[in-house]
Amino acid sequence: MIIRENYLNLLIDAKDTEFIKVITGVRRSGKSTLLLMFKDYLLNNNVNEKNIIHINFESAMYDDIKDYRDLYNEIKSKISNEKMYILLDEVQNVDKWEKAINSLNVDFDVDIYITGSNAYLLSSELATLLSGRYIEIKMYPLSFKEFLKFNNYDESNLEDKFNEYLKYGGLPAITQIKDKNNLIMSYLNDIYNTIVKKDIIERNNIKDIALLENIVKYISSNIGSSISANRISDYLNSNKVVEKTNHQTIDNYLKMLENAFIVYKADRSDIRSKALLKTLGKYYIADTGLRNIVLGFRNIDEGHLLENVVYLELLRRGYKVNIGKSLDYEVDFVTENTEEIKYYQVTKSLLDDNVKDREIRSLESISDNYEKTILTMDRTINKDYNGIKVKNIIDFLLE
């Protein structure tokens, strides 16, 4: 296993604290492997194997654990008088599992780590039971830097390797079948269908599967564009893509897609007033490979994919990310953490003067002095414009 140090270090930092560690993310982004990495870390740091309880609920071995009582009794039977580390993978498959987690945390000297592929893992019931006593660790597919490491790539011909990353995405298993295009496409298709079937259709008892799939196609085709439930509804109805639908149904389906971590929503905010705007946010896909399997690999719009990649990278770096409105201009990303605010524009190239002027004006319209950056695929441009930095996207991703 190649260690994903950023995520592992988050678990290590939280080890032996009172908090339950909750690892979330889209299917096959590496959550199960992260638990194995952490288990190895425990074993290598003098924790006895009998003090580690590791259960993967996607294994048929644990089919008999149906509800929280079964889960509680199974783990209770293995607990000794010593500190126990409990690692539970895809725990949402157990009915009312949160009751067992809460009881175990109260009754025994335990350190608990759980994973799940659906945001219902952090439902209001869990939040009520555990109020303030859990830490969410959000896991994403491989960054470009991780992609190079997993493929054992050096930094020669980086543009070609980046194009491969844009095309097939960053799900870790892809790196095991590189250069086998048909296998990669089959794998991505299987993962997409599993997410749709298990995490959306079955969990939400969806009847109109065609509507769900057309919403995913619409989002995938409109990455980087402002989207609302009304716009999707109007498009689908006017083009007679599906039987008549309405914005409330669309909005419900969008929330289901977000809950399955297959799409992420970036809200719009007014940069001057700091207020969130209720309409016209943007949606991004959890992985460019999944986006391309939805639309087809011959329909790759590099400009949209670049924005998607930058958005996910900003999330990985721990920023809260919104879309910005400044006067009559739009700023692609307004990022904020506890220490700083940064602004980003993303464009394939600045060689066209009209594009360059547009991107610069958007950032110049912001009156504060926080860092402002234009990210582009250009290699020939390497200068600042009135304090606005220009960076190559690949260089940015490798920082």
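Check the entry above for the structure.
About the cut-offs
Residues numbered from 1 in each chain as written. Predicted model: local features only at pLDDT ≥ 70, side-chain atom pairs only at ≥ 80, totals over all residues. Heavy atoms only, no water. Pairing = 2+ DSSP bridges. Helix = DSSP H or I, 4+ residues; strand = E, 2+ residues; numbered from the N terminus. Buried < 20%, exposed > 50% of the residue type's maximum accessible area, 1.4 Å probe, protein only. Phe/Tyr/Trp six-rings, centres within 6.5 Å; stacked < 30°, edge-to-face > 60°. Lys NZ or Arg CZ within 6 Å of the ring centre and 35° of its normal.

Let us now look at the pairing of strand β7 (residues 276–285). Relative to β7, strand β6 (residues 263–270) runs antiparallel, the two sharing 6 bridges. Bridging from a neighbouring strand, Val263 pairs with Ile285 of β7. Taking the residues between adjacent antiparallel strands as the criterion, β6 and β7 are bridged by 5 residues, where Lys274 takes a positive phi near 70°.

Time to look at unusual backbone geometry. Unlike most non-glycine residues, Glu90 shows phi in positive territory, near 55°. Structurally, Glu90 can be placed in the loop between β3 (84–89) and α4 (97–107). Using a relative accessible area of 3% as the deciding quantity, one classes Glu90 as buried.

With that settled, the discussion passes to the packing of aromatic side chains. Tallying each qualifying case throughout the model produces 17 aromatic pairs. An angle of 80° between the planes, with centres 5.2 Å apart, marks the rings of Phe144 and Phe162 as edge-to-face. Pair noted here: Phe144 is in helix α6 (residues 144–150) and Phe162 is in helix α7 (residues 158–168), with a separation of 18 residues, a long-range link. Classification of Phe144 by relative accessible area gives buried; the value is 0%. Through a chain of ring-to-ring contacts, the aromatic side chains of Phe144, Phe147, Tyr153, Phe162 and Tyr165 assemble into a single cluster. We note Lys21 situated over the ring of Tyr113; from NZ or CZ to the ring centre the distance is 4.7 Å. The residue whose ring lies beneath Arg317 is Phe396, and the NZ or CZ to ring-centre distance is 4.2 Å.

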